[in-house]
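Observations on the three-dimensional arrangement
Here are the chains, one letter per residue:
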Amino acid sequence: MRAAVLLVTVCLAGAYAQLVCDHPPRDWCSTWEIAKACKVEQQCMEYLSHNQNNKNEPAVQVELYYESLCGACRKFIVLQLFPTWLMLNEIMNVTLVPYGNAQEKNVSGKWEFTCQHGPDECYVNTIEACVMYHLKDLQNYFFVIFCIEQSSNLTSALEPCLAAYQPDLSTKTVMDCVNGDLGNKIMHENAIKTDSLKPPHAYVPWVVINGKHNDTLQDTAISALFNLVCDMYTGYGAHYNKGLQVD
């Protein structure tokens, strides 16, 4: 019951926020600054600290097809996707696919990649793909990916980001993947996933929600992902706009 109330509190569109701040209620927990301005830090932190355990309703599926050095991709990851996932990870699943507008060709049995922002982007794409491969679970690797993407120098961010968030995974292990057949294979798989999108991706970041992409979903995800996840969730969050009480 408490967890249900917390989820409704976080997603609830009520009058209180309108009285204490200039931000709409849907944005209460979209950033920590807004949470403080609207005086709902306690509610947001309580939500973060409780497991909703709402197993009867499917989580919202958010897939991101991106390039590691793409400015818009980095902005979306750092300012929208990662903060939203921190707050709503019990009702959303995230899939990250670094590849984007890259191209591949088979040269003597090995895949060679050309990336939109040059060789450094191919390099960092592969680093992030290898981090995901070795850490397996989003709960483990998303912090590292976020750390890399918000760094001022992405090509040298791996070691400090692993040290900060996943010290048990060595830089050497990741780099062996990056420079070897494994990384080549993983990036080819990412190429297949990206090239199989329907509709085909036309730009990055390319966001797919519950298996669907259209202009409305894309635009809303880019500007207000937190609100979109609450809207799309078919459990407790689905009721917040209707003012329904959850028992």
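Residues numbered from 1 in each chain as written. Predicted model: local features only at pLDDT ≥ 70, side-chain atom pairs only at ≥ 80, totals over all residues. Heavy atoms only, no water.

Applicable threshold: UniProt positions are given in the numbering used here, feature names are shortened, and annotations may be inferred rather than shown by experiment.
In the annotation of an unreviewed UniProt entry, the entry for the protein reads Gamma-interferon-inducible lysosomal thiol reductase, and the organism field reads Ranitomeya imitator. The UniProt entry for the protein carries the following comment under Subunit (unreviewed entry): "Dimer; disulfide-linked."

**A closer look at the overall build of the protein**
Selection rule: Secondary structure is summarised from DSSP: a helix means a run of H or I of at least four residues, a strand means a run of E of at least two, and numbering begins at the N terminus for each. Working definition: with a 1.4 Å probe on protein chains only, accessible area under 20% of the residue-type maximum means buried, over 50% means exposed, and in between means partly exposed. The contact definition used throughout considers only heavy atoms, calling two residues in contact when any of these lie within 4.5 Å. Working definition of accessibility: Shrake-Rupley area with a 1.4 Å probe, residue cover restricted to the visible protein chains.
Scanning the protein from terminus to terminus reveals 11 helices and five strands. Here the protein holds 247 residues, and the buried ones make up 49% of them. Put simply, of all contacts in the protein between residues at least 6 apart along the chain, 65% involve residues at least 24 apart. Surface accessibility of the protein: about 12200 Å² in total, with carbon and sulfur atoms responsible for 50%.

**Quick look at the side chain of Ser151**
What counts is decided by this rule: Under this definition, polar contacts are N or O atom pairs within 3.5 Å; protein pairs additionally need one hydrogen-donor-capable and one acceptor-capable atom, and for neighbouring residues in sequence, both atoms have to be side-chain atoms.
Here Ser151 lies in the loop between helix H7 (138-149) and helix H8 (158-165). Its relative accessible area of 12% is what places Ser151 among the buried residues. A polar contact is formed between the side chain of Ser151 and the backbone oxygen of Cys147, at a distance of 2.6 Å.

**As for the side chain of Gln166**
Along the polypeptide, Gln166 turns up in the loop between H8 and helix H9 (171-179). Given the relative accessible area of 18%, Gln166 is considered buried. Residue contacts for Gln166: discarding those within four places in its chain leaves Leu135, Asn140, Val144 and Cys161.

**Focus: the nonpolar core**
Inclusion rule: By nonpolar core we mean a set of buried residues, namely Ala, Val, Leu, Ile, Met, Phe, Trp, Tyr and Cys, connected to one another through side-chain atoms within 4.5 Å.
One finds Leu81, Met92, Leu96, Val131, Phe142, Ile148 and Val174 to be the most contacted residues of the largest nonpolar core, which totals 61 residues. The biggest single contributor to this core is helix H5 (residues 71-88), with nine residues. Membership of the second largest hydrophobic core comes to six residues, among which are Cys21, Trp28, Ile34 and Ala35.

**Section: the sheet that holds strand S1 (residues 60-66)**
Formally: Two strands pair under a simple rule: DSSP has to find at least two bridges between them. In this analysis an axis means a line fitted to C-alpha atoms, helices contributing only their contacting stretch, and an angle means the value between N-to-C directions, from 0 to 180 degrees.
In space, the three strands of this open sheet follow the order S2-S1-S5, with mixed pairing throughout. Either end of the sheet is taken by a strand with one partner, and the two such strands are strand S2 (92-98) and strand S5 (206-209). In this sheet, neighbouring strand axes are inclined to one another by 15° on average, regardless of whether the strands run parallel or antiparallel. Strand direction decides the pairing type here: S1 and S2, joined by seven bridges, are parallel. What sits directly across from Leu64, in S2, is Leu96. Set on the sheet, helix H6 (residues 119-135) makes contact with S1 and S2; between it and S2 the angle comes to about 140°.

**Structural notes on the pattern of salt bridges**
Applicable threshold: Every case where a carboxyl oxygen of Asp or Glu lies within 4 Å of a side-chain nitrogen of Lys or Arg is listed as a salt bridge.
Applying the stated criterion across every chain, the model contains three salt bridges. Among the ionic pairs, Asp176 bridges to Lys172, the shortest N-O distance being 2.8 Å. You can see Asp176 and its partner Lys172 sitting in helix H9, four residues apart, about one turn around the helix. In this structure Lys172 comes out as exposed when scored by relative accessible area, which is 59%.

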